[in-house]
Amino acid sequence: MIRVGFKRRKNAQQIYHWINSIQGIAMHFHILVGTTSGNTEYLAEEVARQLNEEGHTTTLHDQPDITEVATQNAKWIACIATHGAGEYADSIFPFMQTLDEQNTDLSTVQYALIGIGDSSYDTFNQAGHDAQNLFTRLGARKLCEPLMIDMLTEIDPEGVAIAWLDQWSDQRAL
Ligand SMILES: Cc1cc2nc3c(=O)[nH]c(=O)nc-3n(C[C@H](O)[C@H](O)[C@H](O)COP(=O)(O)O)c2cc1C
């Protein structure tokens, strides 16, 4: 029974998103990956897969570079792990530093944010919060409320991220 219900919901969703893509509501998302040990890259790939399935297109930036990530009229999904003592993960550290130092104009950027951290650290998800503050200071607008994942307790981070995407998709925020 559960499987049938799930399949029906999935089919209905696919039809809904197919209609969206025909109507031109399909969007392009730049997915920015902030990872050091790989968890966030895997999660970001799942996010991309889900968006593609919904009729959108995506570019995955596993090492975001300011010369390659669109900063004009762009939609970003930033998936950022915290490392060190509350710092950005390695793959995104230089990008965030460049945005900050160059005061890049993000006034036409809309973003959604997934922070990945571990609540056993005092600086739980600090990089996610810092990213949100930086994006806001540079003029970017958030598409939806951020998702902060706690890897200490979450056994299915990808599932949580997909449910979060679905929730905001259903509300037409994404
Ligand atoms: C050396 C080290 C430092 C970390 N520091 C923090 C931290 O300050 N705050 C936090 O919320 N999580 C912290 N974490 C937890 C990571 O965010 C978590 O392990 C995450 O899954 C790593 O993602 P990644 O594999 O994509 O790099 C730390 C992990 C390690 C290994």
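Residues numbered from 1 in each chain as written. Predicted model: local features only at pLDDT ≥ 70, side-chain atom pairs only at ≥ 80, totals over all residues.

When you look at helix α4 (residues 126–137) in this model, what are you seeing that I'm missing?
Along its 12 residues, α4 runs 16 Å from first to last C-alpha, staying within 8% of the 16 Å computed at 1.5 Å per residue. Residues of α4 that are buried make contact with β1 (28–34), β3 (74–83), β4 (87–88), α3 (93–102), β5 (109–117) and β7 (147–150). Of the residues trailing α4, G139 is marked for its positive phi of about 100°. (Helix = DSSP H or I, 4+ residues; strand = E, 2+ residues; numbered from the N terminus. Expected span 1.5 Å × (residues − 1). Contact = placed C-beta atoms within 7 Å.)

Before we go on, may I ask you to explain the confidence of the model for the protein in this structure?
Predicted coordinates in regions of low pLDDT should not be interpreted in detail. The share of residues in the protein with pLDDT of 70 or more is 86%, and the mean pLDDT across the chain is 90. Across the whole predicted complex the pTM is 0.89, and at the interface the ipTM reaches 0.99. (pLDDT = per-residue confidence, 0-100.)

What is the right way to look at the UniProt feature "domain: Flavodoxin-like" (unreviewed entry) in the protein in this model?
Per the UniProt record, "domain: Flavodoxin-like" (unreviewed entry) is annotated on residues 29–169. Between the first and last C-alpha atoms of residues 29–169 the distance is 13 Å; the span itself is 35% helix and 27% strand. (UniProt positions renumbered as here; feature names shortened; annotations may be inferred.)

What exactly am I supposed to notice about the environment of T104 here?
Relative to the helices and strands, T104 resides in the loop between α3 and β5. In this structure T104 comes out as partly exposed when scored by C-beta crowding, with 18 C-beta atoms within 10 Å. (Buried ≥ 20, exposed ≤ 12 C-beta atoms within 10 Å, placed from the backbone.)

Looking at this model, I keep getting lost on the site of the ligand. Mind explaining?
Surveying the vicinity of the ligand reveals 22 residues, the closest of which are T35, N39, T40, A81 and G117. Mapped onto the shell around the ligand, the elements with two or more residues apiece are α2 (39–53), β3 and β5. Examining the composition of the shell around the ligand, we find that three residues originate from one element, β3, more than from any other. Tallied by class, the residues present in the shell around the ligand amount to seven nonpolar, 14 polar and one charged. (Near = placed C-beta within 6 Å. Nonpolar A, V, L, I, M, F, W, Y, C, P; charged D, E, K, R; others polar.)

Is there a simple way to think about the packing of α2 against helix α5 (residues 157–170) in this case?
When two helices pack together, their arrangement is given by the angle between their axes and by how far apart the axes lie. Look at α2 against α5: their axes get within 9 Å of each other, and the N-to-C directions meet at 35°. Here α2 and α5 pass one another in a crossing that is right-handed. Across the interface between the two elements, L43, E46, V47 and Q50 from α2 touch P157, E158, A161, I162 and L165 from α5. A per-class count over the contact of α2 with α5 returns six nonpolar, one polar and two charged. (Axes fitted to C-alpha atoms, helices over the stretch in contact; angles between N-to-C directions. Left-handed = near helix turned anticlockwise from the far one by under 90°.)

What should I look at first to understand the pairing of β3 in this one?
Of all the 10 residues making up β3, eight are buried; the element is thus mostly covered by neighbouring parts of the structure. Sheet topology places β1 next to β3; six bridges connect them, and they run parallel. The residue of β3 that forms the bridge with L32 is A78. Relative to β4, β3 runs antiparallel, the two sharing two bridges. Paired with H83 across the two strands is E87, which belongs to β4. The hairpin turn running from β3 into β4, its antiparallel successor, is three residues long, and G84 in that turn takes a positive phi close to 55°. (Pairing = 2+ DSSP bridges.)

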